[in-house]
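Examination of the molecular architecture
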Amino acid sequence: MTAPLLDRTREALRAAVAAAAEASGWDIDRADIVIETPRDPSHGDLATTAALALAKEAKKNPREIAQTLKERIEASPPPEEVAPLRSIEIAGPGFLNFRFGDVWLERGLAETLGRGAGYGRSGRMEGESILFEFISANPTGPLNVVSARAAAIGDTLAALCDAAGARVGREFYINDAGRQVRLLGESLEARVLQQLGEEAPLPEEGYHGEYLVAMADRLISGTLPDWWEESDREARIGNLSRWAVDQVVEDQKAIVEVFGLRFDTWFRESTLHESGAVEETLEDLRSRGHIFESEGAVWFRSSELGDEKDRVLITGDGNPTYLLPDIAYHRDKYNRGWGRLIDLWGPDHHGYIARMSAALEALGHERKAFGVMIVQQVNLLRGGEIVKMSKRAGRLIEMKELLDEVGRDATRFFFLLRTTSTHLDFDLDLAVSANDENPVYYVQYAHARISSVFERARSEGIDPDAATLSADLSRLIEPEERVLMRLLVDFPAVVADAAEAFEPHRIPAYLRQLSAAFHHFYHNHRIVGSETEVQTARLALSVGVRQVLANGLTFLGVSAPERM
RNA sequence: GCGCCUGUAGCUCAGCUGGAUAGAGCAGUGGGUUUCUAACCCGCCGGUCGCAGGUUCGAGUCCUGCCAGGCGUGCCA
């Protein structure tokens, strides 16, 4: 696809600066030429620090270099149809500030209107294929709030990378094998027996949550399955575990859907054991020379690949540790054709990154083809106090409770507001508050407000969508209008930058900025009722703004209401 | 001990991969639209960017060392 206007413009300027430097005999890597948006709009539309970067090598005053570059660029400017340069200024220590003709922003608005719901997409990450794995909780209980945060981030990140042109997948990993699942079965057995009036203590490290009581109810209230009476206790535990896992996974699927996200795959660990992929992986590692045996256990020599010590894959009593099937799982992802794997893990897993990276490198994959984002912990605040959570005691805030109390829009918005790597204080009182203290409404309100303006226009027989076709965009000359147009031009780059940096929080930040600019514009200028041609142009601008608000909110999984 | 995250306004946080005078929201305070939604807009108040060095034309951002808080450091998952 054609690159968005801002990307094209930057590229054209970069080329012009590079050519000017080269003609002067200065050597600068094209990629090192930074073309940025000045913080202060009075410094122009775009700026470069190239002269400052060249100062050392050229052994000249940066302002002199800037002067030379300026003259050469003016002598052979970038193509008018991409970057209609109106002036170049030298400022400060040697910045080059570029200013464009009005037509530049008008083209940007035209592009926004032309691409509609597709505006924001680009080809920045074309050719990449990325599989995002997130939530991936043990199927032993309800999803909690950290899972909710990971869900919001993973889903939005995938959407952003998709918009940037990458092929993406969303995957949920179900650890339905191993000790925890067995404990789940044993815990459920105890709950069922208790309800049948028998003395049956919960296993020491079992699951104490109330949800197992409810689950036992469900199991008994129907007729107990045939396998319940099976004499072999092992078989009964196995059946209970499977049954319980299915129940839990169904619940997880349901709540995830309420949260508004769809996984492309729900991958079960057990399939890796059944298919022999676990053994295959071990043999693969062995044939590549990364396996040794010691003290009766099978080890992976991960210390040779950056891990702090070697890791056990098969324990002394012959069972695989969690690591081996997990390596097999990631190996499977590559085998399914994904070029890059991104996992979202909780902070308690950070020590695990080195060994997994080592394993995947041992299997012949590039280190940068595997990445882990640590989603930091969430503190829920109520009345200014941290709500204590404890998994062991069975007291934890479930994702479902959060959604019931706060609702999907506010929950997702709050989780996406902050950088992923920081601990998050989630103020429940603020999130549920339906007043102007709540930042969620600010963006949604801008969208609703524009919708309301359109309703008004239609009541006067004016069709806003038709206005976009006939509008003379050069009638948009007010400063507030130009600010909005510039923000619209920025949008695809904001999306692509957020995707490449894996920083979804940039989207809500941008949307707040855009909303603020619209509220400001709205306050100072009339749309419906202004002079006809101006009215048409302003309606077109509003269509563009509303479209970008909607597109951005869609990335976040937050609704864009017509009225509030 | 070692590893990871964090430390920026009273509170919660941004700061675009090293640039120009460090920004928002909330709280506080004072105003605003008889016209398309006041869940809005405008003003004021508020800063030793944890501390100390270093790198350079330039550091909140990079390097080193401290200080403080959180999490981790299993032949558990």
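Small disclaimer: the values here were computed from a predicted structure and weren't measured.

1. Notes on the pattern of salt bridges
Per the stated rule, a full pass over the model turns up 44 salt bridges. The partner of arginine 482 in a salt bridge is aspartate 102, with the nearest N and O atoms 3.6 Å apart. Residue arginine 482 is found in helix 18 (residues 479-501), and its partner aspartate 102 is found in helix 4 (residues 102-115); the two are separated by 380 residues along the sequence. By relative accessible area, which is 44% here, aspartate 102 ends up partly exposed. Between glutamate 481 and arginine 538 there is a salt bridge, and its shortest N-O distance comes to 2.6 Å. With glutamate 481 in helix 18 and arginine 538 in helix 20 (residues 532-556), this pair connects stretches of sequence that are 57 residues apart. Taken together, the shared-partner salt bridges connect Asp7, Arg124, Asp497 and Glu500 into one network.

2. Some words on the protein's contact with RNA strand B
Near RNA strand B there are 57 residues, and of these His350, Thr419, Tyr442, Tyr445 and Ser452 occur at the shortest range. Counting only the atoms of RNA strand B within 4 Å of the protein, the fraction contributed by sugar and phosphate is 64%. Between a base oxygen of RNA strand B and a main-chain N or O atom of glycine 316, the distance comes to 2.8 Å. Taking glutamine 376, its side chain carries an N or O atom lying 3.5 Å from a sugar or linking oxygen of RNA strand B. Contributing elements (two or more residues each) for the surface near RNA strand B: strand 4 (95-100), helix 6 (179-195), helix 16 (439-459) and helix 19 (506-524). Classifying every residue of the surface near RNA strand B by side-chain character gives 18 nonpolar, 22 polar and 17 charged.

3. Observations concerning the domain arrangement of chain A
Partitioning chain A into structural domains gives domain 1 (5-100) and domain 2 (439-556). The gap between the C-alpha centroids of domain 1 and domain 2 is 30 Å. Between domain 1 and domain 2, the residue contacts involve seven residues of the former and four residues of the latter. For the domain 1 and domain 2 pair, buried surface summed over both sides reaches about 410 Å², with 52% attributable to carbon and sulfur atoms. Along the contact surface separating domain 1 from domain 2 lie zero salt bridges. Where domain 1 touches domain 2, the interface holds two residue pairs in polar contact (both at pLDDT 80 or more). Among the elements that take part in the side of domain 1 that touches domain 2, helix 1 (residues 5-23) stands out by supplying four residues, more than any other.

4. Considerations on the packing of aromatic side chains
Summed over the entire model, instances satisfying the criterion amount to 20 aromatic pairs. Here a set of aromatic residues connected by ring pairs shows up, and it is made of Tyr119, Phe491, Tyr510 and Phe555. Stacked on the ring of tryptophan 228, the Lys or Arg arginine 236 has its end atom at 4.2 Å from the ring centre. Lying across the ring of phenylalanine 259, arginine 412 places its NZ or CZ 5.1 Å from the centre.

5. Quick word on the environment of isoleucine 342
Inspection of the secondary structure puts isoleucine 342 in strand 11 (residues 340-345). On the basis of relative accessibility, which here comes to 2%, the residue isoleucine 342 falls in the buried class. For the pair isoleucine 342 and tryptophan 26, spaced 316 residues apart in sequence, the C-alpha to C-alpha distance is 40 Å.

6. Some thoughts on the sheet that holds strand 15 (residues 424-427)
Strand order in the open sheet formed by three strands is 14-13-15, with mixed pairing between adjacent strands. Each of the sheet's edge strands pairs with one partner strand only, and the pair in question is strand 14 (385-386) and strand 15. In the sheet, strand 13 (residues 378-382) pairs with strand 14 via two bridges, with the strands oriented antiparallel. Opposite arginine 382, over in strand 14, you have glutamate 385 as the bridge partner. Packing of helix 14 (residues 408-417) onto the sheet brings it into contact with strand 13 and strand 15, and relative to strand 15 it is tilted by some 155°.

7. Considerations on the nonpolar core
If you look at the biggest cluster of nonpolar residues, it comprises 148 residues, and the most contacted ones within it are Leu69, Phe132 and Phe426. Among the elements that make up this core, the one with the highest residue count is helix 5 (residues 145-163) (twelve residues). Structurally, this core is a two-domain feature, drawing no fewer than three residues from each of domain 1 (5-100) and domain 2 (439-556). Leaving out residues up to four positions away in the same chain, phenylalanine 426 has contacts with Val378, Asn379, Leu380, Leu381, Leu402, Val406, Thr411, Phe414, Phe415 and Ala431.

8. Details of the sheet that holds strand 8 (residues 291-294)
Strands in a sheet are paired, the pairing made by backbone hydrogen bonds, and the direction either parallel or antiparallel. The sheet built from three strands is open, its strands ordered 8-9-10 with antiparallel pairing. The two strands at the open ends of the sheet, each matched to only one other strand, are strand 8 and strand 10 (311-314). In this sheet, neighbouring strand axes are inclined to one another by 45° on average, regardless of whether the strands run parallel or antiparallel. Note: strand 8 against strand 9 (residues 297-300), four bridges, orientation antiparallel.

9. As for the side chain of arginine 149
The topology assignment puts arginine 149 in helix 5. Buried charged residue arginine 149 carries no salt bridge. Nearest counter-charge: aspartate 425, at 9.0 Å. Within the structure, the side chain of arginine 149 is placed 3.0 Å from the backbone oxygen of threonine 422, a separation counted as a polar contact. Excluding anything up to four places from it in sequence, arginine 149 contacts Val375, Gln376, Gln377, Val378, Phe415, Arg418, Thr419, Thr420, Thr422, His423 and Leu424.

10. Thoughts on the confidence of the model for chain A
On average, chain A scores 91 in pLDDT, and the residues at 70 or more come to 98%. Per-residue pLDDT, averaged within each element of chain A, yields its smallest value for strand 14 (72) and its largest for helix 20 (97). Low pLDDT (under 50) marks residues 390-395, which in the prediction has seven contacts with non-local residues, meaning those over four places away or in another chain. Scored as a whole, the predicted complex attains pTM 0.94, and scored at its interfaces, ipTM 0.94.

11. Some points on helix 20
For helix 20, spanning 25 residues, the distance from its first C-alpha to its last is 36 Å, which sits close to the expected 36 Å at 1.5 Å a residue. Within helix 20, 20 of the 25 residues are buried, leaving the element largely enclosed by the surrounding structure. One or two steps after helix 20, the chain reaches glycine 557, where phi turns positive at roughly 75°.

What counts, and where the lines are drawn
Residues numbered from 1 in each chain as written. Chains lettered and ligands numbered in written order. Predicted model: local features only at pLDDT ≥ 70, side-chain atom pairs only at ≥ 80, totals over all residues. Heavy atoms only, no water. Salt bridge = Lys/Arg side-chain N within 4 Å of Asp/Glu carboxyl O. Helix = DSSP H or I, 4+ residues; strand = E, 2+ residues; numbered from the N terminus. Buried < 20%, exposed > 50% of the residue type's maximum accessible area, 1.4 Å probe, protein only. Near = heavy atom within 4 Å. Polar contact = N/O pair within 3.5 Å; in protein donor to acceptor, adjacent residues only side chain to side chain. Nonpolar A, V, L, I, M, F, W, Y, C, P; charged D, E, K, R; others polar. Domains from an automatic or database assignment. Contact = heavy atoms within 4.5 Å. Buried area = accessible area lost by both parts, 1.4 Å probe. Phe/Tyr/Trp six-rings, centres within 6.5 Å; stacked < 30°, edge-to-face > 60°. Lys NZ or Arg CZ within 6 Å of the ring centre and 35° of its normal. Pairing = 2+ DSSP bridges. Axes fitted to C-alpha atoms, helices over the stretch in contact; angles between N-to-C directions. Core = buried A, V, L, I, M, F, W, Y, C linked by side-chain atoms within 4.5 Å. Lys, Arg positive; Asp, Glu negative; His and termini not counted. pLDDT = per-residue confidence, 0-100. Expected span 1.5 Å × (residues − 1).

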